[in-house]
Amino acid sequence: DGSGNWSYGPTAELADGEYDFTAQATDGAGNTGTLSTAFTATVDTTIAAPVVEDVTSDTGSSNTDFITNDTTLVFNGSADPNVSVQMEIDSVNTGAPVVSDGTGDWSYDHTGTTLSEGVYSLTATATDTAGNSASTAAPVSLTVDLTVPTVTVEQSTGQDDPTNTLPITFDVTFSEPVLGFDETDVTMGGTATGVVFTVTPVSTKFANPVAAYTIDV
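Because the structure is predicted, anything quoted here is derived from the model rather than measured. (Residues numbered from 1 in each chain as written. Predicted model: local features only at pLDDT ≥ 70, side-chain atom pairs only at ≥ 80, totals over all residues. Heavy atoms only, no water.)

### So, the overall build of the protein
From N to C terminus, the protein includes 0 helices and 16 strands. Computed over its C-alpha atoms, the radius of gyration of the protein comes to 32 Å, more than 25% above the 17 Å expected for a compact globule of 217 residues. Its C-alpha atoms give the protein principal-axis dimensions of roughly 120 × 35 × 25 Å. Taken across its 217 residues, the protein has 27% of its residues classed as buried. Within the protein, counting contacts between residues at least 6 apart in sequence, those at least 24 apart form 51% of the total. (Helix = DSSP H or I, 4+ residues; strand = E, 2+ residues; numbered from the N terminus. Rg over C-alpha atoms; globule rule 2.2 N^0.38 Å. Buried < 20%, exposed > 50% of the residue type's maximum accessible area, 1.4 Å probe, protein only. Contact = heavy atoms within 4.5 Å.)

This is how it looks when you write it as C-alpha cells:
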C-alpha cells in the first residue's frame, strides 16, 4: 500500500510443521531488492489428550485403582511434552496449571487440600503454546474411603448345633470387599484345641477384593 505495508496468505492450507518465509521486492522499473531474512513459523494444530495415571498414595488393591484412604494427594499423569496441564476435580479447577516435562510427565500437588470421604471425578486439560487444547478421553473415578469395614460371623444354616460332624461352616460377611482376609485373621474362644481353619471366598461372583467368605473348622 501507500505506506509500504503488504500481506500475503497461502492459497492452500498448510500442514503441521515448520516453515521459513522470505520476501523479495521488485519495483515498477524492474529493480529487485535483496532477499529478506527468513522468518520461521510453526504450524501446530494437534495436541494429545492428557492422561491421569495414578495418585500418591494409592492404598487400594493396586497402586493404580484410584482407591485410597489418603486424603492429601498428588495426581500424576502424562501429556505432550512442555504443555500446560490443568487438573480438575468434579469439573472444578484445582488451582494453577502445571507444565509437563520434556518427556510429557506431570504431577499436581494437591496435598494442601484435604479431601472428604467420597467418590470424585478426575479430569485434566492440556494446552500447548499454539493454543491447542485437549481434555482426558474419559473421567477417572477416585474413591476416598475412610470407613473401617464391619463384619458378621454366623454358623451356616442347615447344620446341627451341637454336632459331631465336621467341618463346621461359618458364614463371614464384611460390609464391603476386603483384602488379605485369611486363616491368620481367625481366632476362636472356648476349650477346643488343635482347631484348623480353612477360609474360602463364597463365590467367584465377587470381584477381588472379596466381601463374603466361609470358614470351615
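### A word on the environment of Thr 127
For Thr 127, the position within the fold is in strand 10 (residues 118-127). When the C-alpha positions of Thr 127 and Val 83 are compared, they lie 5.8 Å apart, and in sequence the two are 44 residues distant. Among residues more than four places away in sequence, those in contact with Thr 127 are Ile 47, Val 83, Ser 84, Asn 132 and Ser 133.

### Side note on the nonpolar core
In terms of nonpolar packing, the biggest core is built from 23 residues, with Val 52, Phe 75, Val 85, Met 87, Trp 106, Leu 122 and Leu 142 touching the most fellow members. For this core, the secondary structure elements donating two or more residues are strand 3 (51-56), strand 6 (84-89), strand 9 (105-109), strand 10 and strand 12 (140-144). If you tally residues by element for this core, the top one is strand 10, at 4 residues. Membership of the second largest hydrophobic core comes to 7 residues, among which are Val 178, Phe 181, Phe 197 and Val 199. (Core = buried A, V, L, I, M, F, W, Y, C linked by side-chain atoms within 4.5 Å.)

### So, unusual backbone geometry
Across the junction of Thr 56 and Ser 57, the peptide omega takes the value 5°, indicating a cis bond. Its location among the elements puts Ser 57 in the loop between strand 3 and strand 4 (67-68). Note the cis peptide between Asp 161 and Pro 162, where omega equals 5°. Assignment of secondary structure puts Pro 162 in the loop between strand 13 (151-155) and strand 14 (169-178). For Asp 90, which is not glycine, the phi dihedral falls at a positive 50°.

### Some points on a nonpolar patch on the surface
Together, Leu 14, Phe 21 and Phe 39 give the surface a local cluster of nonpolar side chains, amounting to about 280 Å² of exposed area. Within the secondary structure, Leu 14 sits in the segment before strand 1 (17-21). (Patch = residues over 30% accessible without salt bridge, like charges linked within 9 Å, V, L, I, M, F, W, Y side chains within 5 Å. Areas by Shrake-Rupley, 256 points an atom, 1.4 Å probe, with all protein chains shown as cover. Salt bridge = Lys/Arg side-chain N within 4 Å of Asp/Glu carboxyl O.)

### What to know about the environment of Asn 132
With respect to the helices, strands and loops of the structure, Asn 132 is situated in the loop between strand 10 and strand 11 (133-135). When the C-alpha atoms of Asn 132 and Gln 159 are compared, they prove to be 68 Å apart, with 27 residues separating the residues in sequence. Ignoring any residue separated from it by four or fewer positions in sequence, one finds Asn 132 in contact with Asp 44, Thr 45, Thr 46, Ile 47, Ala 126 and Thr 127.

### Things to note about the sheet that holds strand 3
Backbone-to-backbone hydrogen bonds join strands into a sheet, with any given pair of strands oriented parallel or antiparallel. Read across the sheet, 3 strands follow the order 3-5-9 without closing on themselves; strand pairing throughout is antiparallel. Edge strands, defined here as strands with exactly one partner in the open sheet, are strand 3 and strand 9. The average undirected angle you get between the axes of adjacent strands in this sheet is 25°. Of the strand pairs in this sheet, strand 5 (residues 74-78) and strand 9 are connected by 5 bridges, and their pairing is antiparallel. If you follow Phe 75 over to strand 9, its bridge partner there is Tyr 108. (Pairing = 2+ DSSP bridges. Axes fitted to C-alpha atoms, helices over the stretch in contact; angles between N-to-C directions.)

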